[in-house]
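Next come the chains, spelled out residue by residue.
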Amino acid sequence: MQIRNAQFKCSSERIAQVPKDTLPDIAFIGRSNVGKSSLINMLTGRHGLAKVSGTPGKTRLINHFRIDDRWYLVDLPGYGYARTSKTTRGQFAKIILDYVLRCERLHFLFVLIDIRLEPQTIDLNFIEMLGEHGIPFGIVFTKADKLSKTQADRSVARFGETLREQWEELPPMFVSSSEKSFGREELLDFIEECIANS
């Protein structure tokens, strides 16, 4: 897939405000500061499309980007740590849960994982919830340029082994680096398949 046109469509505080057309949503989520905005910019080839911030928890709304008038790339708020009050963090959780569990537009969800870290409980709990509700999802390991290939392979294998403790079949998994544009073609080809089957 080649992305020729990527435009910001809207920001929503609740799912009642998301676009009302029939184009499928392909959404991205992860812990705060996992590199989500950088990945979105890398995939679309538009460096300023999603706002990159060094401050965790910067994305607070559901952001829709219309891609080639065929589908929406959706930037969801990060879960976990954010430099905000507990009340606001609770609102993040409600926005996320409402969209992920109730929005019929959602066609596929990519969960972003920092490849440098041991499997984190918050990520595993979120993935378990997706499984319980039958949400179609895949995993994208970010920041692969920070490790050697051997270290990266070991990290992915470790995460897979942890998932196998609860999952009979593993979800699709991708390794990426926004710095090196690594993993872009694999992700876009997979998204193309998702859209073709929508």
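How each quantity is defined
- Residues numbered from 1 in each chain as written.
- Predicted model: local features only at pLDDT ≥ 70, side-chain atom pairs only at ≥ 80, totals over all residues.
- Heavy atoms only, no water.
- Helix = DSSP H or I, 4+ residues; strand = E, 2+ residues; numbered from the N terminus.
- Buried < 20%, exposed > 50% of the residue type's maximum accessible area, 1.4 Å probe, protein only.
- Contact = heavy atoms within 4.5 Å.
- Areas by Shrake-Rupley, 256 points an atom, 1.4 Å probe, with all protein chains shown as cover.
- Expected span 1.5 Å × (residues − 1).
- Phe/Tyr/Trp six-rings, centres within 6.5 Å; stacked < 30°, edge-to-face > 60°.
- Pairing = 2+ DSSP bridges.
- Right-handed = clockwise from strand over helix to strand, strands pointing away.
- Polar contact = N/O pair within 3.5 Å; in protein donor to acceptor, adjacent residues only side chain to side chain.

A. The arrangement of the overall build of the protein in detail. On a plain count of helices and strands, the protein comes out with 5 helices and 7 strands. Starting at the N terminus and ending at the C terminus, the protein contains elements arranged as β-β-α-β-β-α-β-α-β-α-β-α. A buried classification covers 48% of the 198 residues belonging to the protein. Within the protein, contacts between residues at least 6 apart in sequence are counted, and of these 76% link residues at least 24 apart. Taken as a whole, the protein presents about 10300 Å² of accessible surface, with 46% of it coming from carbon and sulfur.

B. Layout of helix 5 (residues 184-196). Here helix 5 contains 13 residues, and its C-alpha end-to-end distance of 18 Å stays within 8% of the 18 Å for a straight helix at 1.5 Å per residue. For helix 5, the elements touching its buried residues are strand 2 (25-30), helix 1 (36-44), strand 4 (71-75), strand 5 (106-114), strand 6 (137-142) and strand 7 (173-175).

C. Fine view of the packing of aromatic side chains. Here the structure, examined in full by the defined rule, presents 10 aromatic pairs. Measuring from ring centre to ring centre gives 6.0 Å for Phe110 and Phe174, while their planes differ by 70°; the resulting arrangement is edge-to-face. Here Phe110 is found in strand 5, whereas its partner Phe174 is found in strand 7, with 64 residues between them in sequence. A relative accessible area of 0% places Phe110 in the buried class.

D. Representation of the pairing of strand 6 within the structure. Across the 6 residues that make up strand 6, a large majority, 6, are buried. Side chains Phe137, Ile139 and Phe141 of strand 6 all project onto a buried face; the interleaved residues Gly138, Val140 and Thr142 project onto the opposite face, where all are buried too. In this structure, strand 5 lies alongside strand 6, joined through 6 bridges in parallel fashion. Bridge pairing links Phe110 to Gly138 in strand 6. Considered for its hand, the β-α-β crossover made up of strand 5, helix 3 (residues 121-132) and strand 6 is right-handed. Note: strand 6 against strand 7, 3 bridges, orientation parallel. For Ile139, the partnering residue across the bridge sits in strand 7 and is Met173.

E. Structural detail: the environment of Ser177. When you line up the elements, Ser177 lands in the loop between strand 7 and helix 5. Each C-alpha atom of the pair Ser177 and Lys146 lies 8.6 Å from the other, and the pair is 31 residues apart in sequence. A distance of 3.4 Å separates a polar atom in the side chain of Ser177 from the backbone nitrogen of Glu179. For Ser177, the side chain forms a polar contact with the main-chain nitrogen of Lys180, separated by 3.1 Å.

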